[in-house]
Each structure stands twice: as structure tokens, then as C-alpha cells.
Amino acid sequence: RYLVRKPWILLGALLCAVIQTVLIFLIGRDVNVLVLGLTMALLGIGWGLFQVPWFAAFTETVEARDPALVGKALAIWGWTLRVVATICFGLVSFVVPAADRVINGDLAAVPAAHTQWQTWLVISVIGSLLSAATIPLMSGRWRISEARRDRQRHAESRQQELAQLRAGCDGAKGREEQF
């Protein structure tokens, strides 16, 4: 509908970074469940605004280079995602070691866990901002007007190619009728 993805990717990444920053300040405070729920809902909206158009732009970027590479690119992307998730899963126990103590009932470790979770969320904010840095690597436009011009040029080019194909087919029919 909007013909552009890059502004949505940027908006989603920035919304994620802002909401993660809000979460940093909510840690350790007496937070209403409704506030926490709304905060997490906004984080989910931000993630959706980022991830969906980013993924579409990724496949379009690969397809613009070579359509035959889309499957391989998706496989590499999936593998990379799993590696990063595994590394993060392993790192969280080093960044937030007090969480184990809290889970095991050591309530004296709660302040340390709060600080450590804040550190983890700072890392998450940096990740959100780094993901926004991939936007210039993607194909596509920033402005709807530019996208409309691209669409118009494509339609004109398509019509010219179809006219050439029709002319070639008509010429071939004429040669067949001679025989």
C-alpha cells in the first residue's frame, strides 16, 4: 500500500530501542501489570514493524542480485539467526549471573539481578540500533513518490517488452502462413 519499506524498518527499530530503554528504567520499580503489558505490546509492535518489512526487503535485495540465490540467502539468514540466538542464550548467563541466585531463592541477589538485566537491555538497545544500520544495504526507496516513479517506469518497460514480443509473434505467424 505504501510502496516503501525502509521508513517502516527504521520506525520499528527505533520503537524497539525506545521501548527497551523504557524497560531499563522499569526494572526494579513497582510496576503495574497493565503498564508492563502495554510496554511489552509496544515492543511487539515495534518488532513487527521492523521484522516484516526487513525480511521482505532482504529477499527483494537478494532477488535483485540473482533470483536463483533467494533460497540460499534464506538458508544463510536462518542459520545466522540460530547462531546469534544460541550465542545470546549462552551470553545471558554471563551478563546476568545473579538471576540464577534469585531463581534459587536468594532474594539478596535481586538488586544485582536488576542491574545486570539493565546491562542486558542496553546490549539489546545497541542491537536494535545496529539492525537499523542495515537499512541502507537493502533495495527499495525511502519516499513513496520515488517508488511510484519506479513503478511507472517498470510498467512502461513491461509494456514495451510485451509489444516487442507480440510483434515477434505476429512476424512468426506471417512466416508460417507463407509455407
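Presented here is an overview of the structure given in this document. Keep in mind that this is a model prediction, so the values were computed, not measured.

Quick notes on the rules
Residues numbered from 1 in each chain as written. Predicted model: local features only at pLDDT ≥ 70, side-chain atom pairs only at ≥ 80, totals over all residues. Heavy atoms only, no water. Helix = DSSP H or I, 4+ residues; strand = E, 2+ residues; numbered from the N terminus. Rg over C-alpha atoms; globule rule 2.2 N^0.38 Å. Buried < 20%, exposed > 50% of the residue type's maximum accessible area, 1.4 Å probe, protein only. Areas by Shrake-Rupley, 256 points an atom, 1.4 Å probe, with all protein chains shown as cover. Core = buried A, V, L, I, M, F, W, Y, C linked by side-chain atoms within 4.5 Å. Contact = heavy atoms within 4.5 Å. Patch = residues over 30% accessible without salt bridge, like charges linked within 9 Å, V, L, I, M, F, W, Y side chains within 5 Å. Salt bridge = Lys/Arg side-chain N within 4 Å of Asp/Glu carboxyl O. Expected span 1.5 Å × (residues − 1). Polar contact = N/O pair within 3.5 Å; in protein donor to acceptor, adjacent residues only side chain to side chain. Phe/Tyr/Trp six-rings, centres within 6.5 Å; stacked < 30°, edge-to-face > 60°.

**Considering the overall build of the protein**
Consideration 1: Secondary structure assignment for the protein yields six helices and zero strands.
Consideration 2: Reading the helices (α) and strands (β) of the protein from amino to carboxyl end gives α-α-α-α-α-α.
Consideration 3: The C-alpha radius of gyration of the protein comes to 25 Å, more than 25% above the 16 Å expected for a compact globule of 179 residues.
Consideration 4: In terms of overall dimensions, the protein has C-alpha extents of about 95 × 30 × 25 Å along its principal axes.
Consideration 5: For the protein, with 179 residues in total, the buried portion stands at 25%.
Consideration 6: Surface exposure of the protein reaches about 12600 Å², of which carbon and sulfur atoms provide 66%.

**Thoughts on the nonpolar core**
Among soluble globular proteins, nonpolar side chains are generally buried collectively.
Consideration 1: Grouped together as the largest cluster of nonpolar side chains are 12 residues: Ile9, Ala13, Phe50, Trp54, Ala57, Phe58, Val62, Val70, Ala73, Ala132, Ile135 and Met138.
Consideration 2: Of all the secondary structure elements, the ones that give two or more residues to this core are α1 (6-26), α2 (33-65) and α3 (70-95).
Consideration 3: Element by element, the count of residues in this core is highest for α2, at five residues.
Consideration 4: Ignoring anything within four residues of it in the chain, the contact list for Ala57 reads Arg5, Ile9, Met138 and Ser139.
Consideration 5: With 10 residues, the next largest nonpolar core counts Cys16, Ile19, Leu121 and Val125 among its residues.

**With respect to the environment of Val18**
Consideration 1: Mapped onto the secondary structure, Val18 falls in helix α1.
Consideration 2: When its relative accessible area of 48% is taken as the criterion, Val18 is described as partly exposed.
Consideration 3: Sequence separation between Val18 and Gly46 is 28 residues, and the spatial gap between their C-alpha atoms is 9.4 Å.

**Description of a nonpolar patch on the surface**
Consideration 1: On the surface, a nonpolar cluster with roughly 560 Å² of combined accessible area is contributed by Trp79, Val83, Ile87, Leu91 and Phe94.
Consideration 2: Structurally, the position occupied by Phe94 is in helix α3.

**Quick notes on α2**
Consideration 1: For α2, with 33 residues, the first-to-last C-alpha span of 48 Å sits near the 48 Å given by 1.5 Å per residue.
Consideration 2: Buried residues of α2: Thr39, Leu43, Gly46, Phe50, Gln51, Pro53, Trp54, Ala57, Phe58, Thr59, Thr61 and Val62, and no others.
Consideration 3: Buried positions along α2 lie against α1, α3 and α5 (110-132).
Consideration 4: One side-chain oxygen at the N-terminal end of α2 lies 2.7 Å from the backbone nitrogen of Leu34; it belongs to Asn32.

**Some details on the pattern of salt bridges**
Consideration 1: This structure, assessed with the given rule, holds two salt bridges.
Consideration 2: The closest approach of N and O atoms between Arg5 and Glu60, which form a salt bridge, is 2.6 Å. Here Glu60 lies in helix α2 and Arg5 lies in the segment before α1, a separation of 55 residues in the sequence.
Consideration 3: Owing to a relative accessible area of 32%, Arg5 belongs among the partly exposed residues under this scheme.

**Structural notes on the packing of aromatic side chains**
Consideration 1: Summed over all chains, the structure comprises five aromatic pairs.
Consideration 2: With centroids separated by 5.6 Å and ring planes inclined at 40 degrees, the aromatic side chains of Trp47 and Phe50 adopt a geometry described as tilted. With Trp47 and Phe50 both in helix α2 and three residues apart, the pair spans about one turn of that helix.

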